[in-house]
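Chain by chain, the residues run as shown.
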Amino acid sequence: MAHSLDWQLATVAGVHDETDAVRSFSLTLPAWTGHRPGQHVDLRLTAEDGYSVERSYSIASEPERSPEVDITVERIPDGEVSPFLHDVVIPGDRLEVRGPIGGYFVWEASQPGPLLLVGGGSGVVPLMAMIRHRARAGAMNPTRLLLSSRGPGEIIYREELDRLSATQDGFQVAHTLTREQLPGWTGYARRIDEAMLSEVLAPIGREARVYICGPTALVESAANALVRIGLAPSRIRTERFGPTGT
Amino acid sequence: MTQRFVTRGFVGRRRDDGSADIASRTPPGQYITKDFPVLSAGPTPRTPLEQWTFTIQGLVKQPVAWSWQEFLALPSREWTVDISCVTKWTKLDMRWRGVSLDTLLEGAEIDDQAAFVIAWSDGGYTTNLPLPDVLNGQAFVAYEYDGAPLAAEHGGPARLVVPARYFWKSAKWIRGMRLQAEDQPGFWESLGYHNRGDQWREERYSGD
């Protein structure tokens, strides 16, 4: 990989609310070389006086949609970048972007075998790129997503996940809501634990490849639990974000 | 892009306290955090301390292997350093205790042919560093952070710390170093990240 990752001027093609605090931005890139599901982009914002900041965002969309790339951003109230993206950026705006970045936390439909995806909150974003790519590629490998969200209104991509789950192509989503459930909720209602992971894993088996993305505490406990269940550590790939993802 | 692009409507928050000192210690593209974020590619390995060893091999006259107790008995010191992660956070004044690589390599007697250090860790992680970049007080193996034993998720029982490079070069769960004549890209260096990773030159990715 000798080529450099140059900054490109992306055009915001669309903006879409996922939840009250989470919004997706579709970016059209002039020189996109394509990405692998799970990779991210860097975004650079520059003020009039030259002050600039950079942040990394996971790509939410499947490579088949290149050169359009979606990022999904949670609004961190005291953040510097996410409130700007939510409150200021509209379709037609241009943003400096470079990528794709990261070559380890990636999954492609050419990789056979069962797949377990574990996400916490906006940690579902890179997993969604894998799920969308899998559906688009027509893969039938047994796949489970265990998604932990705080409350019913905070499940990112909920409708799309439920729709994909209903297609009988081997993909199923299991939800857990850790703080608030509405009457009649049939999913899990606690933090991800060993028993929950065992249940979700049972139909697809311990040979599954595993991708876990979310806050550090969730990733640590889920990865450790899966190792205790008997999965090889080498099959478990993780991506974490601390409380500083602004 | 030769001319600087200005993002419509972006003002930014600037440095919170406006301190010139903090501004001068923030590498390009980084922001200051007060947290200690955790990033790693797989599950946190846990090697029992009684099985833990630290080895120095390769182009050395005297390969060495220390047990945990022997490692703790090596001359150590406190280090207060600024750390920058390629994921954009910089944390100032992180306080560690550990053993200088100068001390570790002294015991092994480096062969004249040795030019690169390959650090390797529990879980299979590796990272590469030119020897001149880690000598003379530029790198250490830490086992305490902020006055307490280094937590496993932060790389405990012991991790490499190379403050002048992005933090992926500071291999968590380090178990040894191999000295080589030839460079050999490590884990992230083989996956599109910069081979050197100097945060002041913003060497994030291959080609930067």
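None of these values were measured; they are calculated from a predicted model. Starting afresh in each chain, residues are numbered from 1 along the sequence in its written order. The order in which chains are written sets their letters, starting at A; the order in which ligands are written sets their numbers, starting at 1. Where totals are concerned, whole chains, interfaces and linings use all residues; where local detail is concerned, this predicted model gives features only for residues with pLDDT of at least 70, and gives and counts side-chain atom pairs only at 80 or more.

When you go through chain A residue by residue, the secondary structure sums to 5 helices and 11 strands. What you see for chain A is a C-alpha radius of gyration of 18 Å, in line with the 18 Å of a compact globule of 246 residues. Referenced to the eigenvectors of the C-alpha coordinate spread, the extents of chain A come out at roughly 55 × 40 × 30 Å. The secondary structure listing takes helices from DSSP runs of H or I that are at least 4 residues long and strands from runs of E that are at least 2 residues long, numbered from the N terminus. Within these notes, the globule rule equals 2.2 Å times the number of residues to the 0.38 power, and the radius of gyration is based on C-alpha atoms.

So, on to the interface of chain A and chain B. Frequently, the measure chosen for interface size is the accessible area removed from exposure when the parts meet. At the interface, 39 residues of chain A touch 35 residues of chain B. Where the side of chain A that touches chain B is concerned, the elements lending two or more residues are β3 (40–46), β4 (52–58), β6 (94–101), α5 (216–229) and β11 (236–241) of chain A. Ranked by residues supplied to the side of chain A that touches chain B, first place goes to α5(A) with 5 residues. Each residue is assigned to one class: nonpolar for Ala, Val, Leu, Ile, Met, Phe, Trp, Tyr, Cys and Pro, charged for Asp, Glu, Lys and Arg, and polar for all the others, Gly among them. In terms of residue class, the side of chain A that touches chain B is made up of 19 nonpolar, 11 polar and 9 charged. Throughout, a residue-residue contact means that the two C-beta atoms, derived from backbone geometry, are no farther apart than 7 Å.

To continue, consider the domain arrangement of chain A. All names here are of chain A. Its domain assignment divides chain A into domain 1 (8–101) and domain 2 (115–241). An automatic or database domain assignment provides the domain bounds reported here. Between the C-alpha centres of domain 1 and domain 2 the distance comes to 24 Å. At the junction of the two partners, domain 1 supplies 15 residues and domain 2 supplies 14 residues. Along the lines of polarity and charge, the residues of the side of domain 1 that touches domain 2 split into 5 nonpolar, 5 polar and 5 charged.

This part is about the sheet that holds strand β7 (residues 126–130) of chain B. All names here are of chain B. Any two strands with at least two DSSP-identified bridges between them are counted as paired. An order of β3-β2-β11-β6-β7 is seen for the 5 strands of this open sheet, with the pairing classed as mixed. Both edges of this open sheet fall to β3 (64–67) and β7, since each of them pairs with a single strand only. Direction aside, neighbouring strands of the sheet carry axes that sit 15 degrees apart on average. Taken together, the 4 bridges between strand β2 (residues 53–58) and β3 define a ladder with antiparallel strand orientation. In the sheet register, Thr55 faces β3, and the bridge partner there is Ala65. Axis geometry follows a simple rule: fit a line to the C-alpha atoms, using only the stretch in contact for helices, then measure angles between N-to-C directions, giving values from 0 to 180 degrees.

You can see B:Pro28 is positioned in the loop between α1 (20–24) and β1 (31–32). Taking the C-alpha atoms as reference points, B:Pro28 and B:Pro163, separated by 135 residues in sequence, lie 15 Å from one another.

Our next topic: the nonpolar core. Residue and element names in this part refer to chain A. Each nonpolar core comprises buried Ala, Val, Leu, Ile, Met, Phe, Trp, Tyr and Cys residues, the members being joined through C-beta atoms within 7 Å. Our exposure labels follow a C-beta count within 10 Å of each residue's own C-beta, placed from the backbone: buried means 20 or more other C-beta atoms, exposed means 12 or fewer, and partly exposed covers the counts in between. Counting residues in hydrophobic clusters, the biggest one holds 70 residues, and the most contacted among them are Ile71, Leu127, Val210, Tyr211, Ile212 and Ala222. Counting residues per element, this core draws most heavily on helix α2 (residues 124–137), which supplies 7 residues. Each of domain 1 (8–101) and domain 2 (115–241) accounts for three or more of the residues forming this core. Apart from the residues lying within four places of it in its own chain, the contact partners of Leu127 are Leu117, Gly119, Leu145, Tyr211 and Cys213.

Turning our eyes to something else, we now look at the sheet that holds strand β2 (residues 22–28) of chain A. All names here are of chain A. Strand order across the open sheet formed by 6 strands is β4-β3-β6-β1-β2-β5, with antiparallel pairing between neighbours. For this open sheet the edge positions go to β4 and β5 (68–74), each flanked by a neighbour on one side alone. Pairwise comparison of adjacent strand axes, ignoring direction, gives a mean angle of 40 degrees for this sheet. Bridge count between β2 and β5: 7 bridges; the pairing is antiparallel. Within β5, the position partnered with Val22 by the bridge is Glu74.

With that settled, the discussion passes to the packing of helix α4 (residues 194–201) of chain A against α5(A). When two helices pack together, you describe them by how their axes are tilted relative to each other and by the distance separating the axes. Residues and elements named next belong to chain A. Put simply, α4 and α5 touch, their axes get as near as 9 Å, and they point 65 degrees apart. Of the two possible hands of crossing, α4 and α5 adopt the one that is right-handed. Facing Glu194, Leu197, Ser198 and Leu201 of α4, the residues of α5 in contact are Ala222, Ala225, Leu226, Arg228 and Ile229. Residue composition of the contact of α4 with α5, grouped by class: 6 nonpolar, 1 polar and 2 charged. For any helix crossing, the convention is left-handed if the near helix is rotated counterclockwise from the far helix by under a right angle, and right-handed if that rotation is clockwise.

Once that is clear, we can look at the environment of A:Met128. Residues and elements named next belong to chain A. Here Met128 lies in helix α2. In this structure, the C-alpha to C-alpha distance between Met128 and Ile59, residues 69 residues apart in sequence, is 8.6 Å. Those residues in contact with Met128 that lie beyond four places of it in its chain are Ala60 and Tyr157.

All right, on to the pairing of strand β6 (residues 116–121) of chain B then. A regular strand carries its side chains on alternate faces of the sheet. Residue and element names in this part refer to chain B. Within β6, 6 of the 6 residues are buried, which leaves the element mostly enclosed by the surrounding structure. Residues of β6 alternate between two faces, with Phe116, Ile118 and Trp120 on one and Val117, Ala119 and Ser121 on the opposite face, all of them buried. Between β6 and β7, which follow one another and run antiparallel, lie 4 residues, and Gly123 among them has a positive phi close to 95 degrees. Relative to strand β11 (residues 174–180), β6 runs antiparallel, the two being bridged by 6 bridges. Bridging across to β11, Ile118 finds its partner in Arg178.

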